[in-house]
Amino acid sequence: MAFSDLVTTCLSPPVHYMICKLGFESKDIYDLNDILSESGEIRWQAVTEHVYYLESDQSVDYIKSVRSLGPVCESVNLHFKSLAKEQFVIQYAVWFHWTNCPELFLKVFDVLQHTQTTEVALGLMKLTSCLERALGDVYLLIGKDCPFLLRDLLASEQLAVVFGQAVMNVLRIFIGSPYGLNLRNVLWHGFASPEEIPAKYCAMLLFLTAGLGQLLRAYLLQTKCVLTHRPYVTFIGLDEFNVFPDLNDETLSIAEELVKVSSFVLKTMLPFWMAALTAFKQSRYADSVILLLPQLEVGLRVLFTTTNKCPNRLLTAEPSALYTTFDEMLAKHLDNEEANQLPAVLEEPAMASALKLLWFEFLWDFLNHQEGPRVRDRLSHGEINLETFPREVANQIVAFAITLLCRFSDEQMFAFKERMVIEPLMNCSNCYRSRFHPISRLKKQVLECMKSIHLWPELPAVPEEHIQTIKGLEGSTEASTLIFMVSEIISQLQQCMPQNCYSSDGAINSILTERLLIELCDKHIRTLYSPRPVLEILVVLRKISAQCHQVSEQVIASTELRYKQWMNKTLRSRQRHNYLRMLNSVKFLSPVLRLILLLITLELVNIHLVCKKNPSDYQQYLKFLKSVLQYTENLVTYTSPEKNKWDETMELTNKALIKIRKISDRKVMLMHLAT
């Protein structure tokens, strides 16, 4: 029997008692009229009377408070069940507008009428994320930087000013404190099964949200403030998310069968998996991902705690300890500095090496990297409009989950046809590389900058003879000298390039082409667990690349504008001279920028050698890169429409190339010594 079959709960005994039993101990029947007036106003004072405090430090006594609030929650749940949808809308709908997603709360009411445990849990997850986002908007009425964590938000002075400290203490009993019910975290981190979340707590949070709306209205009327909602985050560049092919009904049907037999799935969590696949079929993409992400986390937690021999960490951590979450499971080391053994699970001979990479790279890309979609964070903190959640993102999460189901299933249970359907998903791992690691983003920056520079020859320009007639430009050799210096440096660097990435004729136009940079950028560079020196270097390289791109865009904009003005004869004499100086400068700026992009790419290809440098060499290396960054920053200034300092640009470039040539000489010498 698989270990996953033996797990009956992921809640530790104290947490299981807190959520599943404590609020049911009191058999008192609570009169709803004590907390709800005839006019529909929530009597907060009567609600807060159920919050108890410890005598020692006057902090909330969560045990007594949950026990006391249990009958109140039951009364609210029965009240909602007694209402027709029209009655609920009339009495409560207006009080949800402050959340910026009132329709969601109306749908939660619908869910409570049927008490389907999986739907209740889903409704509670969506409710808490939306509520957190709305509370953050309220916080910004007074504060500046909204806390990222819900527990810090609920404990803030700003919300206590608006709603009152006693009211915030009520909320903290249900969400936001590890000492209370902590409903948001136990669901979003995959600790609670559908059967372990009482519907009455979902009903109570729905009720409290309406009450907060009433309190907020009073505060806004008194202070004359206007509540502004932050815009939702939208996913851009969806084509970058395309890892797996589009899922069809046949694949999803096979996935439903895999869920039932895969050891990756805890049997108590099976309803969540089935609901996630159903939601995807019904085009409810946000629901599908919300249901699935916690299950990926708990499935990986089972593997993590098993391989690292810490089975006790499968259960909900106590308030004094940390949860075992994605962040720790994806880390290189455990909190005791020992190596994380989870990657070893992927090292079985039957598994392709690329798929080993897929697990961690994919999860880091979609969940952790700052420039990635950070799907779990954005969903759980209410930053995304659930109604417009893109299918493209959901497709990738579901497809990835299916590969895990397949990985931890007995292959003998697959028919030939089923294997043929799933095989394309598994094969996608063979070409997967991180999209959102800083290394990957730098590659993209370099190629985008190169495309911009590639447009320069197509820019309109006055005939060459016009340039030669301008005093001070005739017979000028400065540009030619700089181009020759670039050619020399490239010839030196050619010896440092991978053999399949340079041309034997050594010509600039042959070497510094888009094809060359594409070939260099296409080389696989390890991204997982990049050490601090690598990340520091990447920051500088990305800044250099960004400055080069800005220079290119400024040159393009200035060239097009000045040519149009030249043809329309609207340039004054000094402007004409300056325009022609710019055209003269463009001759050397193009190869110089290409050279810098080549330097960036070569440094990127060899970036992990940084870790092998001694501290002194590393600091010299970093200093050199920062000097190149300083040059490109000055270049941005000199080539801006406001400055137009083209003569100074030439002088600046000459000094930079001398320094680059010295470094390239040293690189080649060291390479020969090493061989």
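So, here's what we can say about the structure. Worth saying up front: this structure is predicted, and the values here are computed from it rather than measured.

1. Considerations on the overall build of the chain
Piece 1. Scanning the chain from N- to C-terminus turns up 29 helices and zero strands.
Piece 2. The buried share of the chain, reckoned over its 675 residues, is 55%.
Piece 3. Put simply, the chain shows about 30,600 Å² of open surface, and 53% of that area lies on carbon and sulfur atoms.

2. With respect to the packing of aromatic side chains
Ring pairs (aromatic) are described by centroid distance and by the angle formed between their planes.
Piece 1. For the coordinates displayed, the defined rule picks out 23 aromatic pairs.
Piece 2. With a centroid separation of 5.6 Å and 65° between ring planes, the pair formed by F241 and F436 is classed as edge-to-face. Taken together, the residues F241 in the loop between α12 (199–223) and α13 (249–261) and F436 in the loop between α20 (416–427) and α21 (438–453) connect sequence positions 195 residues apart.
Piece 3. Ring centres of F280 and Y285 lie 5.3 Å apart, and the angle between their planes is 65°; on these two criteria the pair is classed as edge-to-face. Each of the two residues, F280 as well as Y285, counts as buried.
Piece 4. Taken together, the ring pairs in this structure connect F235, F241, F244, F362, F366, F389, F400 and F436 into an aromatic cluster.
Piece 5. Here the basic side chain of K200 rests over the ring of F24, its NZ or CZ set 3.6 Å away from the ring centre.
Piece 6. Between R301 and the ring centre of F191, over which it is positioned, the NZ or CZ distance is 4.0 Å.

3. Looking at the packing of helix α4 (residues 62–82) against helix α10 (residues 165–174)
Piece 1. Between α4 and α10, the least distance of the axes is 10 Å, while the angle of their chain directions is 90°. Classified by the interaxial angle, the pair formed by α4 and α10 is roughly perpendicular. The residues of α10 that touch α4, namely those facing Y62, S65, V66, L69 and C73, are R172, I173 and F174.

4. Topic: the pattern of salt bridges
Side-chain pairs of opposite charge can arise where the charged atoms are in close proximity.
Piece 1. Enumeration according to the criterion identifies 23 salt bridges in this entry.
Piece 2. Among the ionic pairs, D110 bridges to K85, the shortest N-O distance being 3.0 Å. Taken as a pair, D110 in helix α6 (residues 102–114) and K85 in helix α5 (residues 85–92) lie far apart in primary sequence, 25 residues in all.
Piece 3. The class of K85 is partly exposed, set by a relative accessible area of 30%.
Piece 4. Across the pair E383 and R378 runs a salt bridge, and its minimum N-O distance is 2.9 Å.
Piece 5. Owing to a relative accessible area of 14%, R378 belongs among the buried residues under this scheme.
Piece 6. Residues joined by salt bridges that share partners form a network here, namely E240, R441, K444 and E448.

Reading guide: rules and limits
Residues numbered from 1 in each chain as written. Predicted model: local features only at pLDDT ≥ 70, side-chain atom pairs only at ≥ 80, totals over all residues. Heavy atoms only, no water. Helix = DSSP H or I, 4+ residues; strand = E, 2+ residues; numbered from the N terminus. Buried < 20%, exposed > 50% of the residue type's maximum accessible area, 1.4 Å probe, protein only. Areas by Shrake-Rupley, 256 points an atom, 1.4 Å probe, with all protein chains shown as cover. Phe/Tyr/Trp six-rings, centres within 6.5 Å; stacked < 30°, edge-to-face > 60°. Lys NZ or Arg CZ within 6 Å of the ring centre and 35° of its normal. Axes fitted to C-alpha atoms, helices over the stretch in contact; angles between N-to-C directions. Parallel < 35°, antiparallel > 145°, perpendicular 65-115°, else oblique. Contact = heavy atoms within 4.5 Å. Salt bridge = Lys/Arg side-chain N within 4 Å of Asp/Glu carboxyl O.

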